[in-house]
Amino acid sequence: MTKSEKIKKWVEVVIQTEKNSNSSIICPECEVGKLIIKDEIIEGHPVKIDRYFICDNCGKWNVALMSKIVKDGN
Ligand SMILES: [Zn+2]
C-alpha cells in the first residue's frame, strides 16, 4: 500500500465514525486489528474535540479534529 492510499483509508475511517461513532473499524495499517476510539476534549474549545484512533493490534494511531456532537435536549 502506498502512503497516499493509507492516508485515504484513514480519512475514510474518520468519515465513518463521524456518521456512527459506535461502528467497529478495522485498522487501515495492519487490516487485522480494530481501532479504539478515544475522544479528548480540547480545553477552551467548545465545539471541537480531538478524536484518537488507536489500533488494538499493531498500535498505530491517528488523530482527527472533530466537531463535538451536540445532542438535542428535547
Ligand atoms: Zn493495526
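Residues numbered from 1 in each chain as written. Predicted model: local features only at pLDDT ≥ 70, side-chain atom pairs only at ≥ 80, totals over all residues.

A. Geometry of the overall build of the protein chain. Helices and strands together make up the secondary structure of the protein chain, namely one helix and three strands. In the protein chain, the succession of helices and strands from N to C terminus is α-β-β-β. Taken along the three principal axes of its C-alpha coordinates, the protein chain extends 45 × 25 × 20 Å. Summarising the internal contacts of the protein chain: among those between residues at least 6 apart in sequence, 23% fall at separations of at least 24. (Helix = DSSP H or I, 4+ residues; strand = E, 2+ residues; numbered from the N terminus. Contact = placed C-beta atoms within 7 Å.)

B. Just the nonpolar core, in detail. Residues Val-13, Cys-27, Leu-35, Phe-53 and Cys-55 constitute the largest nonpolar core, which totals five residues. Not counting residues within four places of it along the chain, the set of residues in contact with Leu-35 comprises Val-13, Ile-25, Cys-27, Phe-53, Ile-54 and Cys-55. (Core = buried A, V, L, I, M, F, W, Y, C linked by C-beta atoms within 7 Å. Buried ≥ 20, exposed ≤ 12 C-beta atoms within 10 Å, placed from the backbone.)

C. Summary view of unusual backbone geometry. In this model, Glu-31 sits at a positive phi of 60°, which is unusual for a non-glycine residue. Along the chain, Glu-31 falls in the loop between helix 1 (3-19) and strand 1 (35-41).

D. Up close: the sheet that holds strand 2 (residues 48-55). Taken together, three strands build an open sheet; the order of strands is 1-2-3 and the sheet is antiparallel. Both edges of this open sheet fall to strand 1 and strand 3 (61-67), since each of them pairs with a single strand only. Each strand axis lies, on average, 25° off the axis of its neighbour in the sheet, ignoring direction. Pairing geometry for strand 2 and strand 3, over seven bridges, is antiparallel. In the strand pairing of strand 3, Asp-50 is matched with Leu-65. Contacts between helix 1 and the sheet are confined to strand 1, strand 2 and strand 3, with strand 3 contributing the most and set at about 45° to the helix. (Pairing = 2+ DSSP bridges. Axes fitted to C-alpha atoms, helices over the stretch in contact; angles between N-to-C directions.)

E. Representation of the pairing of strand 1. Pairing of strand 1 with strand 2 involves seven bridges; the strand directions are antiparallel. Across the sheet, the residue bridging to Asp-39 is Arg-51, located in strand 2. Two successive antiparallel strands, strand 1 and strand 2, enclose a turn made up of six residues, where Gly-44 displays a positive phi of approximately 80°.

F. A look at the environment of Lys-60. Here Lys-60 shows up in the loop between strand 2 and strand 3. For Lys-60, a count of 16 C-beta atoms within 10 Å gives the class partly exposed. Distance from Lys-60 to Glu-29, taken between C-alpha atoms, is 7.2 Å for residues 31 residues apart in sequence. Not counting residues within four places of it along the chain, the set of residues in contact with Lys-60 comprises Cys-27, Glu-29 and Cys-55.

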